[in-house]
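Given next are the chains, with one letter for each unit.
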Amino acid sequence: MSSSSKSSLLVWSGRLLLLLFVASGASLHLLGREQAFSILDALPPVCPLRMWTGMKCSFCGMTHAFVHLFFGEWQEAFRQNLLSLPLFSGMPVVSALAATGRLPIPSWNRARGLAWAGLAVLALYTVVRPLTENLTFYISF
């Protein structure tokens, strides 16, 4: 794949992600908090790790946390998933950079290193997460 086609694919992917982010926010606004959570609570868990072991992975609770963040419920979002705030705030920024063609494309070695570092953080959080489940977070914004 040529460099220009990679760049074009990245721009269109960024535009699609931005559109999905805006559409999700608009639909949450139209549904309202109670209706959004009643729909989410009716869905079965789709995480294979949780279905097989009962243990929550790094992304379990992320959808609920994002809805809490959308409605400004920061403490509840942190209770659902600690990684929600960095991901929630980073997704539109990265999507906007990609959509405008300003997101730098790292070299293969650097991208591979970043991917391994990200996987290590996710694996560590999956292992540490059960230890933090019963902690009460006192975070005031």
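Quantities reported herein were computed from a predicted structural model and do not represent experimental measurements.

Asks: What am I meant to see in the layout of surface pockets here?
Replies: For the largest pocket, the calculated volume is near 540 Å³. What lines the largest pocket is a set of 20 residues, and nearest its centre among them are Pro45, Arg50, Cys60, Gly61 and His64. With three residues, the single largest contributor to the lining of the largest pocket is helix H4 (residues 62-70). Partitioning the lining of the largest pocket into residue classes produces 10 nonpolar, four polar and six charged. If you add up the space inside the second largest pocket, you get close to 430 Å³. Taken together, 16 residues make up the lining of the second largest pocket; nearest its centre are Leu20, Phe21, Ser24, Phe66 and Met91. If you list the elements that add at least two residues to the lining of the second largest pocket, you get helix H1 (3-31), H4 and helix H6 (84-99). The class makeup of the residues in the lining of the second largest pocket is 11 nonpolar, five polar and no charged.

Asks: Whenever I open this one, a nonpolar patch on the surface confuses me. Can you help?
Replies: On the surface, a nonpolar cluster with roughly 400 Å² of combined accessible area is contributed by Leu16, Leu17, Leu19 and Leu20. Here Leu16 lies in helix H1.

Asks: What exactly am I supposed to notice about the packing of helix H2 (residues 33-42) against H4 here?
Replies: Each packed pair of helices is defined by two parameters, the angle between the axes and the distance between the axes. Contact pair H2 / H4: the axes reach a minimum separation of 11 Å and the direction vectors enclose 180 degrees. With respect to each other, H2 and H4 are oriented roughly antiparallel. Residues Arg33, Ala36, Phe37, Leu40 and Asp41 of H2 touch H4, and the partners they reach there are Thr63, His64, Val67 and His68.

Asks: When you look at the nonpolar core in this model, what are you seeing that I'm missing?
Replies: Buried together is how nonpolar side chains tend to be arranged in soluble globular proteins. Grouped together as the largest cluster of nonpolar side chains are eight residues: Met62, Ala65, Phe66, Leu69, Ala77, Leu83, Phe88 and Tyr125. Per-element accounting of this core gives the leading share, four residues, to H4. Residues within four places of Met62 in sequence aside, it is in contact with Asn81, Leu83, Ser84 and Leu87. Counting residues in each nonpolar core, the second largest holds five residues, with Leu28, Ala36, Phe37 and Leu40 among its members.

Asks: Sorry, what's going on with the packing of H4 against H6 here?
Replies: At their nearest, the axes of H4 and H6 sit 10 Å apart, and the two run at 65 degrees to each other. With respect to each other, H4 and H6 are oriented roughly perpendicular. Along this stretch, H4 crosses H6, giving a crossing that reads as right-handed. Where H4 approaches H6, its residues Met62, Ala65, Phe66, Leu69 and Phe70 are matched on the opposing element by Ser84, Leu85, Leu87, Phe88 and Met91. Tallied by class, the residues present in the contact of H4 with H6 amount to nine nonpolar, one polar and no charged.

Asks: Any chance you could explain the side chain of Asn81 here in plain terms?
Replies: Residue position: Asn81 is located in the loop between helix H5 (74-80) and H6. Discounting chain neighbours no more than four positions away, the residues touching Asn81 are Ser58, Phe59, Cys60, Gly61, Met62, Ala65, Tyr125 and Arg129.

Conventions we followed
- Residues numbered from 1 in each chain as written.
- Predicted model: local features only at pLDDT ≥ 70, side-chain atom pairs only at ≥ 80, totals over all residues.
- Heavy atoms only, no water.
- 1 Å grid on protein atoms, 1.4 Å probe; cavity = no way out; pocket = protein on both sides within 12 Å on 5 of 7 lines; lining within 4 Å.
- Points joined across faces, edges and corners; volume = space filled by probe spheres on them.
- Helix = DSSP H or I, 4+ residues; strand = E, 2+ residues; numbered from the N terminus.
- Nonpolar A, V, L, I, M, F, W, Y, C, P; charged D, E, K, R; others polar.
- Patch = residues over 30% accessible without salt bridge, like charges linked within 9 Å, V, L, I, M, F, W, Y side chains within 5 Å.
- Areas by Shrake-Rupley, 256 points an atom, 1.4 Å probe, with all protein chains shown as cover.
- Salt bridge = Lys/Arg side-chain N within 4 Å of Asp/Glu carboxyl O.
- Axes fitted to C-alpha atoms, helices over the stretch in contact; angles between N-to-C directions.
- Parallel < 35°, antiparallel > 145°, perpendicular 65-115°, else oblique.
- Contact = heavy atoms within 4.5 Å.
- Core = buried A, V, L, I, M, F, W, Y, C linked by side-chain atoms within 4.5 Å.
- Buried < 20%, exposed > 50% of the residue type's maximum accessible area, 1.4 Å probe, protein only.
- Left-handed = near helix turned anticlockwise from the far one by under 90°.

All we've got here are geometric facts, nothing functional implied.
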